[in-house]
Amino acid sequence: MKTVLVIGGGVTGLKAASELAGMGYNVSLVEKEDYLGGQVVKHKYYKLAPDLRPAGDVIDPVIKAVESNSNIKVHKHSRVVAVSGNAPEFKAKIKNSKGESEETFGAIVVATGFEHFDPIVKQEYGYGRFKDVVTNSEVEEMLNPNGPTKGELKRPSDGKVPKKIAIFQCVGSRDKQVGNPYCCRVGCVVSTKQAIEIKEKCPDSEVYVYYMDMRMFGRGWEELYGKAMEDYEVIFTRGRGAEVTLKNQQLSLRAEETVMNRPIQHSVDMIILAAGIAAGDGTIDAAKVLGIKQNDYGFLAPKDDFLSPNESSKAGIYIAGADKGPLDIENCIVEGAAVAAKVASNLKN
Amino acid sequence: MSEETKNPITEKIESTKGGHFYKEIMKDFRIKESLHGCLNCGTCVANCPAAAFYDYSPREVCQMIIEGDEETIEEYMKGKIWNCAQCYSCKYRCPKENSAADIVMAMREIAVREGLAAEALAGYTRIAKLVLTRGNQLAPDMLSPDAFPDWGPRMIELSSKKMEMREELFEGFPGMNVVDRAWAAEDYTIYEMQKIWEESGALEKVGTVFPFLVDIVQEDMEDKAEEMEAKIQEKKEKLEASKK
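What you see is a predicted model; the values in this text were computed from it and never measured. In this numbering scheme, every chain counts its residues from 1 along its sequence in written order. Lettering for chains starts from A, numbering for ligands starts from 1, and both go in the order in which the items are written. Where local features are concerned, this predicted model is filtered to residues with pLDDT of at least 70; where side-chain atom pairs are given and counted, the filter is 80 or more; whole-chain, interface and lining totals use all residues. As a rule here, side-chain values cover all heavy atoms of the structure and leave hydrogens and water aside.

Describing empty space enclosed by the protein
All names here are of chain B.
Thinking step 1. Cavities and pockets are found on a 1 Å grid laid over the protein atoms alone: a cavity is a set of points where a 1.4 Å probe fits but cannot escape, a pocket is an open set with protein on both sides within 12 Å along at least five of seven lines, and a lining residue has an atom within 4 Å of such a point. Grid points are joined across faces, edges and corners, and a volume is the space filled by probe spheres set on the points. Using the criterion set out here, one finds four cavities of 30 Å³ or more in the structure.
Thinking step 2. Within this model, the largest cavity holds a volume of roughly 130 Å³.
Thinking step 3. In this structure, the largest cavity is lined by 18 residues; those nearest its centre are C38, C41, C44, C94 and N98.
Thinking step 4. Runs of H or I in DSSP of at least four residues are treated as helices and runs of E of at least two as strands, each being numbered from the N terminus. Mapped by element, the contributors of at least two residues to the lining of the largest cavity are α3 (43-47), α5 (58-67) and α7 (89-93).
Thinking step 5. Residue composition of the lining of the largest cavity, by class: nine nonpolar, six polar and three charged.
Thinking step 6. What lines the second largest cavity is a set of 14 residues, among which C48, C84, C87, Y88 and C90 lie closest to the centre. Polar here means any residue other than Ala, Val, Leu, Ile, Met, Phe, Trp, Tyr, Cys and Pro, which are nonpolar, and Asp, Glu, Lys and Arg, which are charged; Gly is therefore polar.

In structure tokens form, the structure reads like this:
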């Protein structure tokens, strides 16, 4: 039986590894961090849209399925630094703090995922300059009882509970100025979910979402959007947040209410930036080491988007999940299973 | 009820796109670089200093060009586009890298050419007249209390002593001791400048906005013509002599 190398220990990589192991293959899973679970664990995602189900309910069983399977060898804190050979025999060098080892694999699955967009580039939003301008992943950590604030929503500047909160959509997405003209696919639903969570935690607070379009295409997302408006009185304003300044020690945002055709200024206590999705360092590294094609934005390009979505430009190297482009957790798991099936059927032939 | 009840709903039956002004605008190379579709996100309006105070919206400018309705374009060329301050904030913030400021600039040029700008630019008549007859566009005289209701007593007092102040400030520079223009250019220089405007066709263009100013300039030139032409002749002869 051939061994499969899976690069990346996020949801996609974990699912692919456990599915392959379940079919009897030996799997080596390489993860650069010293924990499994990828961005979900790194940013302590608290609840998942649209059911507001704890993220742990989903990620823990996926991690457990890998850790408890004796066919899977997990290399934490490791990186694949060199790959030689062709399908179905690749030689990969895996490096960790202790040293390097070389192993032979029949196939390679790249599931290196994404990283949250760093909004410091959008200097007009004041992220990094104003303490109370935070990203959605920071809010996720805040809402999590295991996070730095023990589940309390607090302003970073003075630790007070914010009364008025604005959420900016499309930060680093649908934006040519930062080179990311694509949609992040998850910002709308995550912001709506966070708005509901904030309203549940502090019913007195006012939550405003500044959006361009609400793209609620996923399972139950549109219903969640309706719930946010009807049951939680979250205010959705059509107009993209344009600028943040400090006025009398309070954050002041500028936007246009595009439905009413009027520019507005709005004083709030805290601003959450729905930072988009960018190709991570891991994905860019993997593309370099493996010599596989990327698209214009650094994500990995499938051989054929429709017909072979999980095959890279090189035979024997497979790609799956958010390293191909923005994707939600639900679909990452689907991708993990899909790539496992493709690898298994190709190795058999 | 009036004789005809107007239907409040705009009924789109025939396309209103592709009229003369629309075609003229689309011919300009700047439009292609300044309009790549519009997300209607409002970032431009939120950042626009003109939109904060006037009836102007860079988003509307983009949408108007995309729609291309001839009547709306004409209306804009006569009015709203002249409210833009040309600061280009829209260009540097637009997530689609559009530039309403560039569209406005192109439209302004076309509006002048097509004779649509007269009303919008009427407020600049004094400046235009000063440039055309004196060679500079501002004069201390323009800064008077009746034009600036927000001035306090000190500014009013200072403004009454303009001439004395300039005489003191520019001692030994007689050309600066004037208040009806920024500085006094020689008659000969002004005549030369007017001649350039006339020959290059710039004066004709000014005529589309300020027709009466053309008469003023031409009269001004006629008054001086004899004397100035003699001076030109004299200079030419001098030049010839120096060559020999």
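Text resumes after the structure shown.
Re the domain arrangement of chain A
Residue and element names in this part refer to chain A.
Thinking step 1. Residue ranges assigned to each domain were obtained from an automatic or database domain assignment. Taken domain by domain, chain A comprises domain 1 (3-113 + 280-348) and domain 2 (117-276).
Thinking step 2. Computed over C-alpha atoms only, the centres of domain 1 and domain 2 are separated by 31 Å.
Thinking step 3. In this assembly, 17 residues from domain 1 lie in contact with 23 residues from domain 2.
Thinking step 4. Between domain 1 and domain 2, the buried area comes to about 1,800 Å², and carbon and sulfur atoms account for 62% of it.
Thinking step 5. N or O atoms within 3.5 Å of each other form a polar contact, as long as, within protein, one can give a hydrogen and the other can take it, and as long as residues adjacent in sequence are counted only when both atoms are side-chain atoms. Seen at the junction of domain 1 and domain 2, the total is seven residue pairs in polar contact (both at pLDDT 80 or more).
Thinking step 6. Tallied by class, residues from the side of domain 1 that touches domain 2 come to ten nonpolar, one polar and six charged. Should any heavy atoms of two residues lie within 4.5 Å, those residues are counted as being in contact. Put simply, buried area is the surface a 1.4 Å probe can reach on two separate parts but cannot reach once they are joined, added for both.

Some words on the pattern of salt bridges
Thinking step 1. Any carboxyl oxygen of Asp or Glu within 4 Å of a side-chain nitrogen of Lys or Arg constitutes a salt bridge here. Applying the stated rule across the entire model yields 36 salt bridges over all chains.
Thinking step 2. A salt bridge links R155(A) to D158(A), with the nearest nitrogen and oxygen atoms 2.7 Å apart.
Thinking step 3. Two residues, R254(A) and E243(A), come together in a salt bridge whose shortest N-O distance is 3.6 Å. Taken together, the residues span a long stretch of sequence, with R254(A) in strand β16 (residues 250-257) and E243(A) in strand β15 (residues 243-247) at a distance of eleven residues.
Thinking step 4. Classification of R254(A) by relative accessible area gives partly exposed; the value is 27%.
Thinking step 5. Among the charged side chains, a network of salt bridges with common partners joins K122(A), E124(A), D175(A), E243(A), R254(A) and R93(B). Under the scheme applied here, a residue whose accessible area is under 20% of the maximum for its type counts as buried, over 50% as exposed, and between as partly exposed, the area being computed with a 1.4 Å probe on protein chains only.

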